[in-house]
Amino acid sequence: KAGVTQTPRYLIKTRGQQVTLSCSPISGHRSVSWYQQTPGQGLQFLFEYFSETQRNKGNFPGRFSGRQFSNSRSEMNVSTLELGDSALYLCASSSGVGRGTDTQYFGPGTRLTVL
Amino acid sequence: GENVEQHPSTLSVQEGDSAVIKCTYSDSASNYFPWYKQELGKGPQLIIDIRSNVGEKKDQRIAVTLNKTAKHFSLHITETQPEDSAVYFCAATYFYNFNKFYFGSGTKLNVKP
């Protein structure tokens, strides 16, 4: 079974631009979660989607948004990029049918650099 | 909200020795505790997990213990090998939190040959 895939793997943007990252979950998984990983803040939860609905979100500004499609693929968007948005963005997939404590499988991440 | 603390931040052991990484959590509602290994340039990989209805779980050289009363859980790696060198993260969450996991700050394990 193929794992979680994320595209692109690397991105370089400038301040003020916007960016869209994509995640394809493991086949059959309906939940996709997004995390931001930085050396200073570690792994921080952004949001989770299940069956095209956002079920949970973390403490990030509204510039961070996401969506999920009917095939469970998900995208996240960051608008008006700031230098502090430079990070590894990780997507995790799970079945989503448990009580919110599903085993999560992470993708390789997208490395975003904001100049 | 939940707060997960992880120690030590770095750990250096000789090949063949054991390594122990400890985490504490603050929310008594937490009931699922996975451990992840992250190698350079890769995403975190689940290596073992434990749910609050058990106190210990083993998988070959890796074991996790959970003490709900004290709100701490630990990762034990025996007979360490150079390929165990990586950053290890603990995490915690609870029912109906919709997969919002709280991660520890990570432990960089270095296994010297």
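A brief structural summary. (Residues numbered from 1 in each chain as written. Chains lettered and ligands numbered in written order. Predicted model: local features only at pLDDT ≥ 70, side-chain atom pairs only at ≥ 80, totals over all residues. Heavy atoms only, no water.)

## Description of the interface of chain B and chain A
Right, on to step 1. Chain B puts 22 residues into the contact, and the matching count from chain A is 24 residues.
Right, on to step 2. Buried area between chain B and chain A, summed over both chains or domains, comes out near 2,000 Å², and the portion from carbon and sulfur atoms is 52%.
Right, on to step 3. Viewed at the interface, chain A and chain B are joined by 0 salt bridges.
Right, on to step 4. Looking at the side of chain B that touches chain A, the elements that each hand over two or more residues are strand S4 (32-38) and strand S5 (45-51) of chain B.
Right, on to step 5. Here the residues of the side of chain B that touches chain A sort into 11 nonpolar, 7 polar and 4 charged. (Contact = heavy atoms within 4.5 Å. Buried area = accessible area lost by both parts, 1.4 Å probe. Salt bridge = Lys/Arg side-chain N within 4 Å of Asp/Glu carboxyl O. Helix = DSSP H or I, 4+ residues; strand = E, 2+ residues; numbered from the N terminus. Nonpolar A, V, L, I, M, F, W, Y, C, P; charged D, E, K, R; others polar.)

## Observations concerning the sheet that holds strand S7 (residues 62-67) of chain B
Residues and elements named next belong to chain B.
Right, on to step 1. Pairing is antiparallel across the open sheet formed by 5 strands, whose spatial order is S1-S3-S8-S7-S6. Each edge of the open sheet is held by one strand with a lone partner, namely strand S1 (4-7) and strand S6 (56-59). The average angle at which neighbouring strand axes cross in this sheet is 15 degrees, direction not considered.
Right, on to step 2. Where strand S3 (residues 19-25) meets strand S8 (residues 72-77), 6 bridges bridge the pair, whose relative direction is antiparallel. If you follow Val 20 over to S8, its bridge partner there is His 76. (Pairing = 2+ DSSP bridges. Axes fitted to C-alpha atoms, helices over the stretch in contact; angles between N-to-C directions.)

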